[in-house]
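One letter stands for each residue in the lines below.
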Amino acid sequence: MKPISAAKEVGRVLAGRGAKGLERLRRLRLPRYRFLAYLGILGPGLIAASAGNDAGGIATYSSAGAGYGYSFLWMLFLSTFSLGVIQEMCARMGAATGKGLSELIRENFGIRWTAFVMLCVLFANGTTVISEFIGIAAALELFKIPRYVSIPIVTFSVWWLVVKGSYSRVEKIFLLMTFVFLGYIVSAFLAKPDWGQVARGTLIPTFHLDGSYIALFLATVGTTITPYMQISVQSLVVERGITMRDYAMERADVYFGVITSNLVAFFIVICTAATLYTHQIKVDTAEQAAAALEPFAGVYAKALFAIGLFGASMLAASVLPLATAYSISEAFGFEKGISRSFKEAPIFMGIFTGLLVLGGLTAMIPGLPLIQVLIIVQVVNGLLLPVLLVSILRLVNDEELMGEHRNGIVFNGIAWATTVVVIALSILLVITAFHPLA
Amino acid sequence: MLYLSQLIGQPIVDRAGGKFASIKDIIIFTGNDTYPTLTGLVARSWTREFFINWSQVSELDSKGVRLSSFKIDLQPFQRRENEALLVRDVLDRQIIDVDDRRIVRANDVEIAQVNGQYRVVGVDVSFQALLRRLAPRGVVRQSNRSEVIDWADVEYLASEMPVVRLKVSMDRLAKLHPVEIARLVDSLSYHEGAEVLESLDDETAADALEEMSPERQANIIGGMDEEKAADILEEMEPDDAADLLGELPEEKATELLSLMEKEESEEVLELLSYDEDTAGGTMTTDFTPVPQDFTAAQATDYLRGLGEPTGMIYYLFVTESIESHKLVGILTLRDLILSDPQKPISEIMLKEFLSVHYDDAALESARLMAEYNLLALPVLDETGEIQGIITADDAVNLLLPENWQGRLPRVSI
């Protein structure tokens, strides 16, 4: 008999709070994601999807709008469905199995395929880290800070922040900075585009068979459906302990994230099309890209753009190297943990630090055509996407793994169609690289 | 000694040496033997897969399998009771290495011939084994940098197939410190974590569960058989059980409360009634009150007579009388033991003591405890009656910087 019971024996009067306790239980238990709390803590779907609007994303969308007007809009519209389906599949896998993507790949596909996929991920994420640092350099240069000064300081600061654990505090600041990009929506309306043309661009597909168009197209796919986003949404779902029980809310969060981030992309294209394309201004530098915000921010366009770019790039630059290190260490069973020393977890810390250094060094290469490089990185992401998509599709259809939560026909259809299209684009790109078609 | 990685994909030949299929997987029998026997092969020929009983095997080596006849009994492969597939269910799965207190992966499986029968004898968890599988066959030699865990020592295997879970009792795992068990369980998915805890005895499971974050606890308990979950909740400290239940959906929490013994569930409900960031929300009702007219000897006898070990025994909380719960003093165990047995407690106890009200802020209470080096702080109501105590471990958790409290993220961010 527990002591308190003995005490009861000894004459204690129950405070009569039992009923109050039950009542509190009832009050506490709104659905897991109490909505107000949810607004404060962003959901996995929202966080993962917003990774698409980083430095590479801004550069790609701006180039698409400035170079080709509204003709990319239909592709963004369709890709929202693709992305929604793909992100949902990964979130579902995380909720149903409680495991991350790299873990599932390791457990189900044998070591050789795992090694191949991880290599692709390392390459895709590595180049993306480079693009983030380029974004940081470009943003700070808009404030007249030369990159040879800013990059070393930033690289070291990010390393320090993450390793010492203070990252979560600054994360909120960077996140706030990215809200600047909502200004694109306002700017797009203020620029008074021809909405008829916008509608036509959204609903009528067009395509050009020339190399640079295809490259930009593939880049847009690569930045909208970045491999990193799939790994990240699944990991976050597992991290937050979301199970199939509370999945309904999570599914809503995934779709919400995809729609929101694609909406921003949509408006970036409209905005740049209305401001830059109409004046035949190509986007080669960050300054030109910033000009698209002028209808909204006037003389502050440059500063505002720089802030948003900085925030988005810092966010990604801090999270990507760490996430990649975790993924790879998990897949191969290396020791991991940010609080470990280099001796205790050499490969983990090595990958993390190495990616940061690589990003920093590459961003400092003199004479780098920034926007071009950003776009090339997204092309790389697009090329490597099918590898991950095929793996995800095989996993999410595995009956032993997913049980009743495996894919249905519609989702399979959309996902496979996306995969096939991306592979076709990649092949087309390679062909046009050697043999111009148009 | 053979490795699974050496066998996969190798040819299966008939008695004359003609190849007709390759090895896709190996079937083992996971019955009562310590080292499972190999009972069959899953063979693949072009796109067809079929099953070959081990009785038809005459030779096995790193070059492949030779059958004992020409006639092959081709049956499609079907899973059966107590059988598992080495590649599908065992290879690359997580296992608990109890000796080193860590989770590792089965990077390769060791097979040996024991008294004429082929059996699984060990699991290679080294990085070397991974390299061996990655590189083309035979390039990486076996060396002593392999780390092989004897199959008899493998306490848990995380796999979708229930039969592969070793029904061997997990007594070695149960002997680890609860914090170590918790850390190991944290590295598994919540399904697997629930499996591990279900197979431990209630007390050990409760101790381990208490060391995890409330969200994780909720996920694991949520996935468990409800009777077992209720049993474990009964063994937990009431304040930890209350925190856990607070994280579950209402129907689940009330269901579990109804399955618990009435006394236990009442305690937990009481604690749930307090606001989270208050002393009431942090305290536990697991303390020992003694009336002030007891002598030291009577108090000691009383303690012995309680039977079940109580949480906080270093301080005893002295009440006005047997009927009242008004706190009049605190008696340390040291003073109790060292005093003259016939002396009444009222003369030994500390009459001046610190206390808080249940609505006081939790953080302030924790700071008070840290400042005065208290092991426990009594929580009173307006009339001075003791409601519960805040223990040092809870205070420490409140005072630690946030980063230290959480676990390692289990997967990449």
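Residues numbered from 1 in each chain as written. Chains lettered and ligands numbered in written order. Predicted model: local features only at pLDDT ≥ 70, side-chain atom pairs only at ≥ 80, totals over all residues.

Caption draft 1: Molecular detail of the overall build of chain A. Check the secondary structure of chain A and you find 21 helices and zero strands. By the burial criterion, 53% of the 438 residues in chain A qualify as buried. In chain A, 85% of the contacts between residues at least 6 apart in sequence involve partners at least 24 apart. (Helix = DSSP H or I, 4+ residues; strand = E, 2+ residues; numbered from the N terminus. Buried ≥ 20, exposed ≤ 12 C-beta atoms within 10 Å, placed from the backbone. Contact = placed C-beta atoms within 7 Å.)

Caption draft 2: Quick look at the environment of B:Glu59. Residues and elements named next belong to chain B. Secondary-structure assignment places Glu 59 in strand β6 (residues 57-61). For Glu 59, a count of 12 C-beta atoms within 10 Å gives the class exposed. With 47 residues separating them in the primary sequence, Glu 59 and Ile 12 have C-alpha atoms 10.0 Å apart.

Caption draft 3: View of the domain arrangement of chain B. The assigned domain composition of chain B is domain 1 (2-85), domain 2 (90-118 + 141-272) and domain 3 (289-399). Domain 2 of chain B and domain 3 of chain B are separated by 34 Å when their C-alpha centres are compared. (Domains from an automatic or database assignment.)

Caption draft 4: Summary view of the pairing of strand β11 (residues 108-114) of chain B. All names here are of chain B. Judged from the two bridges that link them, strand β1 (residues 2-3) and β11 form a sheet pairing that is antiparallel. Residue pairing for β11: Leu 2 is matched across the bridge by Ile 111. Here β11 pairs with strand β12 (residues 117-124) via seven bridges, running antiparallel. Bridge pairing in β12 links Asp 108 to Asp 124. Taking the residues between adjacent antiparallel strands as the criterion, β11 and β12 are bridged by two residues, where Asn 115 takes a positive phi near 50 degrees. (Pairing = 2+ DSSP bridges.)

Caption draft 5: Fine view of the sheet that holds strand β17 (residues 356-357) of chain B. All names here are of chain B. In space, the three strands of this open sheet follow the order β17-β18-β19, with mixed pairing throughout. Two strands bound the open sheet, and with one partner strand each, they are β17 and β19 (386-391). As defined by bridge partners, β17 adjoins strand β18 (residues 376-380) across two bridges and the pair is classed as parallel. Of the residues in β18, the one forming a bridge with Val 356 is Val 379. Docked against the sheet, helix α17 (residues 362-372) engages β17, β18 and β19, running at close to 140 degrees with respect to β18. Set on the sheet, helix α18 (residues 392-399) makes contact with β18 and β19; between it and β19 the angle comes to about 60 degrees. (Axes fitted to C-alpha atoms, helices over the stretch in contact; angles between N-to-C directions.)

Caption draft 6: A look at the packing of helix α12 (residues 211-224) of chain A against helix α19 (residues 370-396) of chain A. Residue and element names in this part refer to chain A. Where α12 meets α19, the closest approach of the two axes is 7 Å, and the angle between their N-to-C directions is 70 degrees. Here α19 runs roughly perpendicular to α12, going by the angle between their axes. Residue-level inspection shows Ala 215, Leu 216, Leu 218, Ala 219, Val 221, Gly 222 and Thr 223 of α12 in contact with α19, the latter providing Ile 375, Gln 378, Val 379, Asn 381, Gly 382 and Leu 385. A breakdown of the residues in the contact of α12 with α19 according to their chemical character gives eight nonpolar, five polar and no charged. (Parallel < 35°, antiparallel > 145°, perpendicular 65-115°, else oblique. Nonpolar A, V, L, I, M, F, W, Y, C, P; charged D, E, K, R; others polar.)

Caption draft 7: Representation of the sheet that holds strand β16 (residues 327-332) of chain B in the model. Residue and element names in this part refer to chain B. The three strands are arranged β14-β15-β16 in an open sheet whose pairing can be described as mixed. The open sheet has two edge strands with one neighbour each: β14 (289-291) and β16. Each neighbouring strand pair of the sheet contributes to a mean axis angle of 35 degrees, computed without reference to strand direction.

Caption draft 8: Expanded view of the environment of A:Leu209. All names here are of chain A. Among the secondary structure elements, Leu 209 is positioned in the loop between α11 (195-203) and α12. Here Leu 209 falls in the exposed class, since 12 other C-beta atoms lie within 10 Å of it. Linking Leu 209 and Glu 250, residues 41 residues apart in sequence, is a C-alpha distance of 40 Å.

Caption draft 9: Fine view of the nonpolar core. Core analysis: the largest hydrophobic core is formed by 135 residues, its most contacted members being A:Val269 and A:Leu309. If you tally residues by element for this core, the top one is helix α17 (residues 301-332) of chain A, at 20 residues. (Core = buried A, V, L, I, M, F, W, Y, C linked by C-beta atoms within 7 Å.)

Caption draft 10: Spotlight on the pairing of strand β10 (residues 102-105) of chain B. Residue and element names in this part refer to chain B. Residues Ile 103 and Arg 105 point to one face of β10 and are all buried, whereas Arg 102 and Val 104, pointing to the other face, are not buried. Two strands pair when backbone bridges link them, and strand β9 (residues 94-97) and β10 are joined in this way by four bridges, in the antiparallel orientation. For Gln 94, the partnering residue across the bridge sits in β10 and is Arg 105.

Caption draft 11: Seen up close, the packing of helix α8 (residues 147-163) of chain A against α17(A). All names here are of chain A. For the pair α8 and α17, the least separation of the axes is 10 Å and the interaxial angle reads 60 degrees. By the criterion of interaxial angle, the relationship of α8 to α17 is oblique. Between α8 and α17 lies a crossing of right-handed hand. Residue-level inspection shows Val 158, Leu 161 and Val 162 of α8 in contact with α17, the latter providing Ala 317, Ser 318 and Leu 322. Counted by class, the contact of α8 with α17 contains five nonpolar, one polar and no charged residues. (Left-handed = near helix turned anticlockwise from the far one by under 90°.)

Caption draft 12: Just the confidence of the model for chain B, in detail. When the pLDDT values of chain B are averaged, the result is 85; 92% of them are 70 or greater. The model gives residues 405-413 of chain B a pLDDT under 50, and that stretch makes 31 contacts with residues more than four places away or in other chains. (pLDDT = per-residue confidence, 0-100.)

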